[in-house]
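Notes for the structure review
Single-letter residue listing:
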Amino acid sequence: MSQEQRNQLSRRRLLAGAGAVAAGSAGLAGAVDADKAEAAPAAPQATQAAGPEPAAFGPVTVRPGDLRYDNLVRGNNFRYVGRPDEIRVVGSTDQVVRAVSDAAHSGRRIAVRSGGHCFENFTADPAVRMLLDLSPMDAVGYDPGRHAFSVQPGATLGHVYRMLHKGWGVTIPAGGCPEVGAGGHIAGGGYGPLSRRYGSVVDHLYGVEVVVVDRDGTARAVVATREPDDPNHDLWWAHTGGGGGNFGVVTRYWLRSPGATGTDPSRLLPASPRKMRECLVVWTWNEQMTEQAFTTLLRNYGTWHERNSAPGSPYAGIYGVFLLSHKTAGSFELAIQVDADLPNADGMISDFVSAVTAGAGVDPVLNERRTRPWLHMVTWPGTGEPGDQISRRYKIKAGYLRRSLTDTQLATVYQHLTNATGGSDSGMLLIGYGGQVGAVPADSTATAQRDVVMKAVYQSIWTDPSQDAANLTWVREFYRDVYAATGGVPVPDEVSDGSYINYADADLADPAWNTSGVPWSTLYYKDNYPRLRQVKARWDPRNVFRHALAIEP
C-alpha cells in the first residue's frame, strides 16, 4: 500500500470516527451539591502563599450582533445552525437554575449543549430561543461524600479519561472520540472500546444532579441515585439511556461501579488499561472483491459476534469495528483493539481475523499491529475530529443487531456500497457490542437493548452544502433498503432490535421513511418507553425540555 493510500485511509478513519464510532449525542447535561467540595489528589504544599482564586466562570450572555455569536450557534454537524435570541454560557449549577427559570417564566424554548455532537438539530432547532452552553462546566474529580467520581457535563470524554487515569488509574467504558461531551453521551447510554468487557457507561452511573422545572415553573436542582430507597430513583433510571434533552439539565454525574465498596477511589471504577494492542486489516475494492467475497467477510464478522458476545466470554476484551467505505474510496478496513495485558491478547486478535477472513478467498493488502499507551489512544484529538475540513456535514442512521444481517441484507449492503451514487466518505460501520452489556436486565436501566451483539451505522459525510440532497438520499435509501422487509426501519425481531438514541435519527419519526407502523419510541426504547413517559410526567410536567425525538408528555 502506497503512502498516499495510507493517508487516504487515515483520513477516512477520522471521518468515520467523527460520524459514528464516537457515539456522540444530543446535549442534556450535569453538578454536585454546592456544599460538597470536590476532592482532588493531594498536591505538594506550596512554599509561599497563593494568590487570590479567580472568579467563577459566567454566566455569559451572547446575543445576535456579538462577535462571539456565530461561533456558538453551531455544533459538530454543520448542517444545522441555530438562531436563538440568546446563548447562556454557564459555569455552575446555580447559573443553570437561573437560566432555566428565566426561560420557563418567559415561555421561551430552551435547548442544552455540552459537547455539541448532536447528529440532528435538537440544539439548533429554529424554535429554540435560549441555548444553554455547559462547556465551561468540565470538572472531574472524586467526591468522598458519595464515594463516587463526579463528572460535569461539559467535560469531554478525553478530559474524563485523562483525569481519571492520572489521578486514580481508573476509567469508564465510554466512547472512543475524545471531543464528545460527557453530558449527552452518558444520558443516552454511551458505549465504547471497553464496553464488551465492562458494560455500558450507565452501568457504572451512581447518581445524577438535574435541574428540573416544577408545574408552577420553579426551577430547582435535584439529586437522584441508584439507591433503591431513593425517592428520586426514577429520575436516575431515566438518565441511564433515556437520552438527552428530555427531563431537565444534567449538571453532574456520579460514577461508581455496581458492587464496588470501600473508600479507596482506585477500586471504585474499572482499572484503566496500561496499553492497548491495535490491529488494522485492509482490503481493496478490486476485481477480486466480488459480492460473494465481500458478503462472506461481513457474514463471518457477524457470526463471530454471535458466538463470542455472551457475558464473560473469553473474547469480551476484543473490540472490532468494520469500516465499510463505499467502493469509490478504494478500500475498506477492520480495526481491532484489545487490552495488551490481557492473556493471549495477540492470539485473540489472530483468532478473530482468521474467523472473519475464512472462506472469503481474498487476501488483505495490509494486516498491521501496534501497541500504544492507553491514555495516548483515548485523548489524541486525531481519533475522531475531521480537522482538515472547512465544514462537517453528515447524516447518521443506525440499528442494533442480535445476529448477522441476513443474506438478503448483506447483498443489499454490497449493492449500495458499489453503486454509482455513493461517495468516498459514504459507508457503513459494523461495531462490536454485547459481552458484559448483556449481563444487565433490559428494565434495570432505560437502555433496553441488552441482548444485542453489534451496532450497525449507516453514514454519509460531506463538506459542500450543495451536496446535501444527494448525500441524504444515498444514506436514506441505503438504510430503507436494508430494512425493506420491516418497513424501512430495524423493527425488533430475530435479527434487529431497534436503534440507539445517541445516534438520533429524526427519519424514524417520519412516515415517509418509517412505513413499519412501529413508532420511533419503540425502536429506541422498546418496553421501557411507558416508564420513561411516567418519569417525564413527574419531572417535566410543563414539557419544557423537548426536541424532535423527545419523550412525549
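Everything in this summary refers to the structure shown in the same document. Please read all numbers here as calculations on a predicted model, not as lab measurements. (Residues numbered from 1 in each chain as written. Predicted model: local features only at pLDDT ≥ 70, side-chain atom pairs only at ≥ 80, totals over all residues. Heavy atoms only, no water.)

When you go through the protein residue by residue, the secondary structure sums to 14 helices and 16 strands. Burial statistics for the protein: of 553 residues in total, 61% are counted as buried. Counting only carbon and sulfur atoms, one obtains 49% of the accessible surface of the protein, whose full area is about 20400 Å². (Helix = DSSP H or I, 4+ residues; strand = E, 2+ residues; numbered from the N terminus. Buried < 20%, exposed > 50% of the residue type's maximum accessible area, 1.4 Å probe, protein only. Areas by Shrake-Rupley, 256 points an atom, 1.4 Å probe, with all protein chains shown as cover.)

Counting buried residues along strand S12 (residues 331-339), 9 of its 9 residues qualify, which places the element largely inside the surrounding structure. Going residue by residue along S12, you find Ser331, Glu333, Ala335, Gln337 and Asp339 tucked away on one face and Phe332, Leu334, Ile336 and Val338 tucked away on the opposite face as well. The sheet contact formed by strand S10 (residues 275-284) and S12 spans 9 bridges and is antiparallel. Paired with Val281 across the two strands is Leu334, which belongs to S12. Bridge analysis of strand S11 (residues 319-325) against S12 gives 5 bridges, and the strand direction is antiparallel. Directly across from Tyr319, in S12, lies its bridge partner Gln337. Hairpin connection, S11 to S12: the antiparallel pair is bridged by 5 residues, and Gly330 has positive phi, about 95°. (Pairing = 2+ DSSP bridges.)

Moving on: the packing of helix H8 (residues 291-307) against helix H11 (residues 407-417). Where H8 meets H11, the axes come as close as 10 Å, and the angle between the chain directions of the two elements is 120°. By the criterion of interaxial angle, the relationship of H8 to H11 is oblique. Note that H8 runs across H11; the crossing there is right-handed. Seen from H8, the contacting residues are Glu291, Phe294, Thr295, Leu298 and Arg299; seen from H11, they are Asp407, Leu410, Ala411, Val413, Tyr414 and Leu417. Across the contact of H8 with H11, the residue classes tally to 7 nonpolar, 1 polar and 3 charged. (Axes fitted to C-alpha atoms, helices over the stretch in contact; angles between N-to-C directions. Parallel < 35°, antiparallel > 145°, perpendicular 65-115°, else oblique. Left-handed = near helix turned anticlockwise from the far one by under 90°. Contact = heavy atoms within 4.5 Å. Nonpolar A, V, L, I, M, F, W, Y, C, P; charged D, E, K, R; others polar.)

Right, let's get into the sheet that holds S10. On the basis of which strands lie adjacent, the open sheet formed by 7 strands has the order S13-S10-S12-S11-S15-S16-S14 and antiparallel pairing. Taken across any chain shown, the strands that pair with only one partner, and hence form the sheet edges, are strand S13 (366-373) and strand S14 (393-401). When strand polarity is set aside, the average angle formed by the axes of neighbouring strands in this sheet is 15°. Strands in contact with H8 are S10, S11, S12, strand S15 (426-432) and strand S16 (454-462); relative to S11, the strand with the most contacts, it is inclined by about 155°. Across the face of the sheet, helix H12 (residues 468-482) comes into contact with S14, S15 and S16 while running at roughly 160° to S16.

Pairing analysis gives 4 bridges linking strand S5 (residues 140-143) to strand S6 (residues 148-151), with the strands arranged antiparallel. Across the sheet, the residue bridging to Gly141 is Ser150, located in S6. Linking S5 back to S6 in an antiparallel pair, the connection comprises 4 residues, with His147 at a positive phi of about 50°. Here 3 bridges tie S6 to strand S9 (residues 249-255), and the two strands are oriented antiparallel to one another. Bridging from a neighbouring strand, Ser150 pairs with Trp254 of S9.

Here the focus is the packing of aromatic side chains. Applying the stated criterion to the full structure yields 32 aromatic pairs. Summarising the aromatic geometry, the rings of Phe149 and Trp168 are spaced 5.1 Å apart at their centres and angled 70° between planes, so their arrangement reads as edge-to-face. Here Trp168 lies in helix H4 (residues 157-168) and Phe149 lies in strand S6, a separation of 19 residues in the sequence. There is no split in this pair, since Phe149 and Trp168 are both buried. The interplanar angle of 80° and the centroid separation of 4.7 Å between the aromatic rings of Tyr500 and Tyr503 together place this pair among those described as edge-to-face. According to the relative accessible area criterion, Tyr500 is buried, its value standing at 3%. (Phe/Tyr/Trp six-rings, centres within 6.5 Å; stacked < 30°, edge-to-face > 60°.)

The 5 strands lie next to each other as S5-S6-S9-S7-S8, forming an open sheet whose pairing is antiparallel. Edge strands, defined here as strands with exactly one partner in the open sheet, are S5 and strand S8 (219-225). Averaged over all adjacent pairs, the angle separating strand axes in this sheet is 25°, with direction ignored. In the sheet, strand S7 (residues 205-213) pairs with S9 via 6 bridges, with the strands oriented antiparallel. Along S9, the bridge assignment pairs Val211 with Val249.

Between H8 and helix H9 (residues 345-357), the shortest axis-to-axis distance is 7 Å and the interhelical angle comes to 135°. The orientation of H8 with respect to H9, classified from their angle, is oblique. Within the contact between the two elements, H8 uses Thr296, Leu297, Asn300, Tyr301, Trp304 and His305 and H9 uses Phe352, Ala355, Val356 and Thr357. Split by residue class, the contact of H8 with H9 holds 6 nonpolar, 4 polar and no charged.

Okay, the nonpolar core next. Membership of the largest hydrophobic core comes to 108 residues, with the highest contact counts inside it found for Phe294 and Phe322. The residues contacting Phe322, other than those within four sequence positions of it, are Trp283, Leu297, Leu298, Tyr301, Phe332, Glu333, Leu334, Val356, Met428, Leu429 and Leu430. Of all hydrophobic cores here, the second largest spans 22 residues; its members include Tyr319, Tyr394, Tyr400 and Tyr500. (Core = buried A, V, L, I, M, F, W, Y, C linked by side-chain atoms within 4.5 Å.)

Here the structure, examined in full by the defined rule, presents 32 salt bridges. Among the salt bridges present, the one from Asp346 reaches Arg277, with a minimum N-O distance of 3.1 Å. One end of the pair, Asp346, is in helix H9; the other, Arg277, is in strand S10, and 69 residues separate them in sequence. On the accessibility criterion, Asp346 (33% relative accessible area) is partly exposed. One network of salt bridges, in which partners are shared, links Glu120, Lys395, Lys397, Arg476, Asp505 and Asp507. (Salt bridge = Lys/Arg side-chain N within 4 Å of Asp/Glu carboxyl O.)

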